[in-house]
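Here is how the chains run, residue by residue.
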Number of protein chains: 2
Amino acid sequence: MRPSARGAVDRLFHPASIAVAGSLREARFGGFVTVSNLLRFGFAGRIYPVNPQYREVLNLPVFPSVRDIPEPVDLVVTMAGAAAVPGIIADSVQNGARAAIIVSDGFSERGQEGKRLQQEVTRIARAGGLRLIGPNTIGVANPAVGLITTPYRVTYDRMISGGIALCAQTGLIGPQNMPLEETHYGWSRMCDFGNKCDIDEIDLLDYLAEDPDTKVIALHLEVIREGRLFLRKAREVSARKPVVVLKPGRTPQSRRAMASHTGSLAGEDRVYDAAFRQAGVIRVDSFRELIDVPKVFASQPLPRGHRLAIVTISGAAGVMGIDVAAASGLALARLSPATLEKLAAISPVLAGNPVDLGPGLPAYQVPGGIAARLPAMIEAILNDKGVDCLAIACPWGVRGKIAEVFGPMVRRQMKTMAVWVAGPSLAIAAEMNREFESIGLPTYPDGDAAIKALSMAVRYAGIREGLRGPSPSLP
Amino acid sequence: MRPSARGAVDRLFHPASIAVAGSLREARFGGFVTVSNLLRFGFAGRIYPVNPQYREVLNLPVFPSVRDIPEPVDLVVTMAGAAAVPGIIADSVQNGARAAIIVSDGFSERGQEGKRLQQEVTRIARAGGLRLIGPNTIGVANPAVGLITTPYRVTYDRMISGGIALCAQTGLIGPQNMPLEETHYGWSRMCDFGNKCDIDEIDLLDYLAEDPDTKVIALHLEVIREGRLFLRKAREVSARKPVVVLKPGRTPQSRRAMASHTGSLAGEDRVYDAAFRQAGVIRVDSFRELIDVPKVFASQPLPRGHRLAIVTISGAAGVMGIDVAAASGLALARLSPATLEKLAAISPVLAGNPVDLGPGLPAYQVPGGIAARLPAMIEAILNDKGVDCLAIACPWGVRGKIAEVFGPMVRRQMKTMAVWVAGPSLAIAAEMNREFESIGLPTYPDGDAAIKALSMAVRYAGIREGLRGPSPSLP
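The rules behind these values
- For every chain, the first residue of the written sequence is number 1, and numbering continues from 1 onward in sequence order.
- Starting at A for chains and at 1 for ligands, labels are handed out in the order in which the entities are written.
- Whole-chain, interface and lining totals are the exception, using all residues; otherwise, since this is a predicted model, local features are given only for residues with pLDDT of at least 70 and side-chain atom pairs are given and counted only at 80 or more.
- Water and hydrogen atoms were dropped before computing side-chain values, which therefore reflect all heavy atoms in the structure.
- Pairing of aromatic side chains requires ring centres within 6.5 Å, counting the rings of Phe and Tyr and the six-membered ring of Trp. Pairs whose planes differ by under 30 degrees are stacked, by over 60 edge-to-face, and all others tilted.
- Under the scheme used here, helices are H or I runs from DSSP no shorter than 4 residues and strands are E runs no shorter than 2 residues, and both carry numbers assigned from the N terminus.
- For every residue, the accessible area (1.4 Å probe, protein chains only) is compared with the maximum for its type, and the residue is labelled buried under 20%, exposed over 50%, or partly exposed between those bounds.
- Here, residues are in contact when the closest pair of their heavy atoms is within 4.5 Å.
- For salt bridges, the criterion is a side-chain nitrogen of Lys or Arg within 4 Å of an Asp or Glu carboxyl oxygen.
- In this analysis, strands are considered paired if DSSP registers two or more bridges between them.
- Buried area is calculated as the accessible area (1.4 Å probe) missing from two parts once they are joined, with the contributions of both summed.
- Pairs of N or O atoms are called polar contacts if they sit within 3.5 Å, as long as, within protein, a hydrogen donor faces a hydrogen acceptor (for residues adjacent in sequence, only side-chain-to-side-chain pairs).
- Three residue categories are used. Nonpolar comprises Ala, Val, Leu, Ile, Met, Phe, Trp, Tyr, Cys and Pro, charged comprises Asp, Glu, Lys and Arg, and polar comprises the others, including Gly.
- Fitting of the copies onto one another was done by least squares over C-alpha atoms, counting residues only where both copies have pLDDT of at least 70.

Asker: Sorry if this is basic, but what is going on with the packing of aromatic side chains here?
Answerer: All names here are of chain A. Evaluated as defined, the whole model comprises 16 aromatic pairs over all chains. Taken together, a centroid distance of 5.4 Å and an interplanar angle of 75° make the contact between Tyr48 and Phe63 edge-to-face. Here Phe63 lies in the loop between β4 (60–61) and β5 (75–78) and Tyr48 lies in strand β2 (residues 46–50), a separation of 15 residues in the sequence. The class for Tyr48 is buried, based on a relative accessible area of 10%. For Phe63, a relative accessible area of 16% corresponds to the buried category. Relative to Tyr460, the ring of Phe297 has its centre 5.6 Å away and its plane inclined at 90°; by these criteria the two rings are edge-to-face. Of this pair, Phe297 sits in helix α9 (residues 287–299) while Tyr460 sits in helix α15 (residues 447–468), and the two are 163 residues apart along the sequence. Tyr460 carries the same exposure label as Phe297, and that label is buried. One aromatic cluster in this structure is built from Phe230, Tyr272 and Phe276.

Quick look at the structure:
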């Protein structure tokens with residue numbers, strides 16, 4: 001039996017106090033950056049910089065060692081050189097710390113000596129009841145409390161909190177590398193596992209299943225050491241919340257590459273494929289999908305069936321959408337005669353599903369044109385009993401009026417929706433995406449991605465019914 | 001035998017004079033917009049607005065009919081109501097015009113009456129030797145001469161010219177919908193076929209094969225009426241230039257939808273699949289790929305083999321890259337001992353392919369750090385005889401120095417390269433993409449897309465050798 005890490009992980013994401021042990025030189029990387037990130041993001045807990053060579057940094061007193069901190073801290077973050085880490089971990093045990101994040105690299109990913117060092121550190125922590133994240137990680141983030149441990153400079157100073165927990169075996173998902181300021185969907189928790197010498201995906205699943213802030217769990221996993229346990233846990237969690245997984249390593253070459261950067265061996269891909277299916281896990285194939293797919297789960301109700309309506313600004317895009325829908329298991333909804341009548345009353349060129357706004361667009365090229373007509377169109381489609389989910393290609397004309405046009409239907413939350421904004425300005429599209437996401441409608445870089453995300457929501461609705469009991473209606 | 005349209009198509013893209021027949025009301029759509037677009041984009045030919053109700057528009061004299069224009073025009077563009085189009089086409093014939101673009105909708109895509117009207121228009125044009133694009137189209141563009149016929153307002157007023165010819169059965173690819181100002185790759189020609197009552201993909205292929213400005217041809221085709229002829233022509237052209245095709249309609253549902261918005265029936269998908277393979281055509285699966293894949297052909301030398309090197313900023317992204325490479329037929333290059341030695345001399349953590357800059361990034365977090373070291377790294381990889389193509393994940397540190405860092409190796413044009421810029425600011429990534437593309441390095445929204453584009457270049461290199469003669473070395 002593995003010991004439960006739930007309490008330690010909870011403190012890790014809500015620390016009342018943090019020690020930061022590492023270089024405090026004013027640079028672009030290191031302890032100085034971590035401390036200043038915490039201050040900039042408004043972390044309200046106590047911060048204890050640790051370094052024997054400094055007395056004060058950023059107006060905070062510096063402690064020569066973690067042992068010298070006058071209280072047991074909830075979290076120690078260290079980016080000191082690998083050789084110094086065993087000492088810092090021993091000091092943390094002596095301090096009575098609950099958890100530590102070892103940002104430092106030079107462990108199992110760097111040869112035999114690194115492996116030995118990692119074992120030593122793990123042994124010290126385990127003996128002292130200290131739980132570890134890492135080594136070789138940028139750590140964690142909890143936007144709701146301004147918690148951010150990355151040792152890299154972040155170009156903005158606000159993270160939006162939301163329902164997505166994003167955990168990965170890479171720092172690529174960290175705030176220093178994600179355009180969180182220019183997008184507008186939120187995280188509940190972020191965690192980079194690093195080398196996973198202690199706390200791993202099973203601990204996170206166990207914690208996140210109970211976390212009321214987390215609606216969907218997105219995991220990037222290069223290595224799963226305890227396959228059986230993961231399978232059982234993932235299945236248990238999937239009955240409550242969607243678990244979206246990116247598992248690379250489909251080829252022997254990539255498995256070798258994973259071994260070299262994480263220091264662990266990955267198993268055969270087909271084993272994982274089967275395991276994920278049994279566990280009710282939604283498998284995605286790229287980092288883009290790992291980031292984008294969870295948005296539909298975080299903000300939308302689950303679809304009751306697989307019948308898709310498409311609102312498009314071009315017949316050709318509608319046709320592509322139908323192909324993507326069919327390939328991902330969705331059926332094109334048949335709009336009822338009553339709905340078709342309502343649409344025709346708004347514009348005679350709105351003939352069916354896909355509902356193509358294109359031919360009517362010239363007529364709407366008056367101020368307020370499309371924005372004035374869109375609510376009635378969308379409402380007519382959403383009210384159709386034959387429609388379970390809706391992909392919308394949004395025309396430019398509603399820029400600045402998105403809350404007004406879409407707000408009321410979002411508040412009623414009737415059907416699952418996903419949006420694609422395309423057009424001649426990347427900057428305006430980004431602005432409209434923010435408008436949409438701030439009222440709770442997920443946006444996607446193209447129609448294909450929006451429809452695929454809806455198909456994952458349909459798939460998960462089926463999985464959940466299957467895990468909870470017999471499912472009569474879903475494919 | 002179909003009559004050659006090459007001369008007419010050439011004039012269509014280089015008209016000395018254009019008549020614009022349609023509403024001249026100052027609005028967001030229509031003839032007024034087309035005329036003002038031509039003026040804003042610096043079209044240098046003569047512009048003749050045509051409308052019986054106006055005397056002057058935008059400081060240009062207006063003619064009551066195309067018949068009244070004092071010279072035979074090269075091109076007539078009309079967005080008049082469908083019922084008025086036969087008259088305008090008859091007038092154009094009388095004027096001696098070479099070609100006409102029928103922007104107006106309400107033809108074969110709109111029922112029996114529309115079909116009849118389209119036949120009538122086509123008959124009048126054919127009898128008079130006038131070639132037609134459309135109906136139901138936004139027309140053409142030729143950035144090099146400021147030619148733009150779209151009746152929609154465009155939010156910018158400059159198009160970059162380049163080597164990509166982009167032709168589609170939709171206006172979705174038009175300047176009014178493409179962020180050409182914020183990206184930085186150029187078109188040679190753009191053409192929306194619309195309903196294809198006359199000039200079609202075979203005419204465009206025939207013309208573009210000989211067009212010295214066009215290096216790669218990207219086609220979106222919902223319907224191919226003369227399959228055999230297309231096959232022969234595409235094969236002929238593919239021996240000289242890559243032909244990238246997006247052909248939707250993989251499902252009966254999408255084929256029905258195509259029929260309703262273009263008024264034509266599409267054939268079975270598997271027939272096209274086989275035809276494309278025989279013709280040496282590169283088939284892509286989304287509008288995104290149709291836009292992105294040609295960039296590698298327009299700017300890069302063809303690879304001599306299929307051995308890929310990857311420069312990454314994260315081990316995890318490198319692993320994903322290997323999976324994508326393997327799935328798309330690329331092999332991971334083995335760097336020579338000499339190359340590995342050179343890399344290790346630059347940084348001891350650069351251990352092999354993928355070349356992971358990640359572990360070294362903290363050390364480069366000094367001004368000029370990564371930018372100063374990157375050229376030697378990239379050069380070492382490009383000089384390795386075991387490397388045919390290179391995908392680069394570019395770190396932030398080279399922002400503003402891309403021409404300096406990458407310019408010299410681009411000028412030598414040794415190997416096929418593709419770039420991915422990721423990071424915490426969409427705006428900065430867009431700016432860096434522009435920097436890269438303005439020195440001729442194609443950029444992609446993620447590493448997967450960059451590697452897939454390189455794999456298409458490898459595939460085409462093989463196709464071309466196969467079409468030209470036996471290929472001993474390529475897969």
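Now, onward.
Asker: What should I look at first to understand helix α3 (residues 85–95) of chain B in this one?
Answerer: Turn by turn, an α-helix covers 3.6 residues, leaving residues three or four places apart pointing in a common direction. Residue and element names in this part refer to chain B. Taken together, the buried positions of α3 are occupied by Val85, Pro86, Ile88, Ile89, Asp91, Ser92 and Asn95. Packing partners of the buried residues in α3 comprise β1 (17–21), β5 (75–78), β6 (99–102), α4 (111–127) and β7 (131–133). One or two steps after α3, the chain reaches Gly96, where phi turns positive at roughly 90°.

Asker: When you look at the pattern of salt bridges in this model, what are you seeing that I'm missing?
Answerer: Once the charged atoms of two side chains with opposite charge are near each other, the side chains can pair. One pass over the structure, following the stated rule, counts 54 salt bridges over all chains. A salt bridge links Arg67(A) to Asp91(A), with the shortest nitrogen-to-oxygen separation between them at 2.8 Å. In this pair, Arg67(A) sits in the loop between β4 and β5 while Asp91(A) sits in helix α3 (residues 85–95), placing the two residues 24 residues apart along the sequence. Under the relative-accessibility criterion, Arg67(A) is labelled partly exposed at 45%. In this structure Asp91(A) comes out as buried when scored by relative accessible area, which is 15%. Taking the shortest distance from any N to any O, the salt bridge between Asp206(B) and Arg6(B) comes out at 2.8 Å. With a gap of 200 residues between them, Asp206(B) in helix α5 (residues 201–210) and Arg6(B) in helix α1 (residues 6–13) connect regions that are remote in the sequence.

Asker: Is there a simple way to think about the pairing of strand β11 (residues 187–192) of chain A in this case?
Answerer: In regular strands, side chains alternate between the two faces of the sheet. Residues and elements named next belong to chain A. Of all six residues making up β11, six are buried, and the element is well covered by its neighbours. Note: strand β8 (residues 140–142) against β11, two bridges, orientation antiparallel. Bridge assignment links Ala141 to a residue of β11, and that residue is Met190.

Asker: Is there a simple way to explain the interface of chain B and chain A in this structure?
Answerer: Frequently, the measure chosen for interface size is the accessible area removed from exposure when the parts meet. In this assembly, 60 residues from chain B lie in contact with 60 residues from chain A. Carbon and sulfur atoms make up 64% of the surface buried where chain B meets chain A, a total of about 4,500 Å² over both sides. Where chain B meets chain A, there are two salt bridges. A salt bridge links Arg288(A) to Asp446(B); the nearest nitrogen and oxygen atoms lie 2.8 Å apart. For the interface between chain B and chain A, the tally reads 19 residue pairs in polar contact (both at pLDDT 80 or more). Looking at the side of chain B that touches chain A, the elements with two or more residues in it are α7 (252–262), α9 (287–299), α10 (315–327) and α14 (426–438) of chain B. When residues of the side of chain B that touches chain A are assigned to their parent elements, the largest contribution, eight residues, is made by α10(B). Class assignment for the residues of the side of chain B that touches chain A results in 30 nonpolar, 19 polar and eleven charged.

Asker: Is there a simple way to explain the relation of the copies chain B and chain A in this structure?
Answerer: Relating one copy of the chain to the other takes a rotation about an axis and a shift parallel to that axis. Mapping chain B onto chain A is achieved by rotating through 180° and translating by 0.0 Å along the same axis, at an RMSD of 0.0 Å. Overall, the copies show the geometry of a two-fold rotation axis. The position closest to the rotation axis in chain B is occupied by the C-alpha of Ala427(B), lying 3.8 Å away. Interface overlap between copies: 100% of the residues of chain B at the interface are likewise at the interface in chain A, consistent with a symmetric, same-surface contact.

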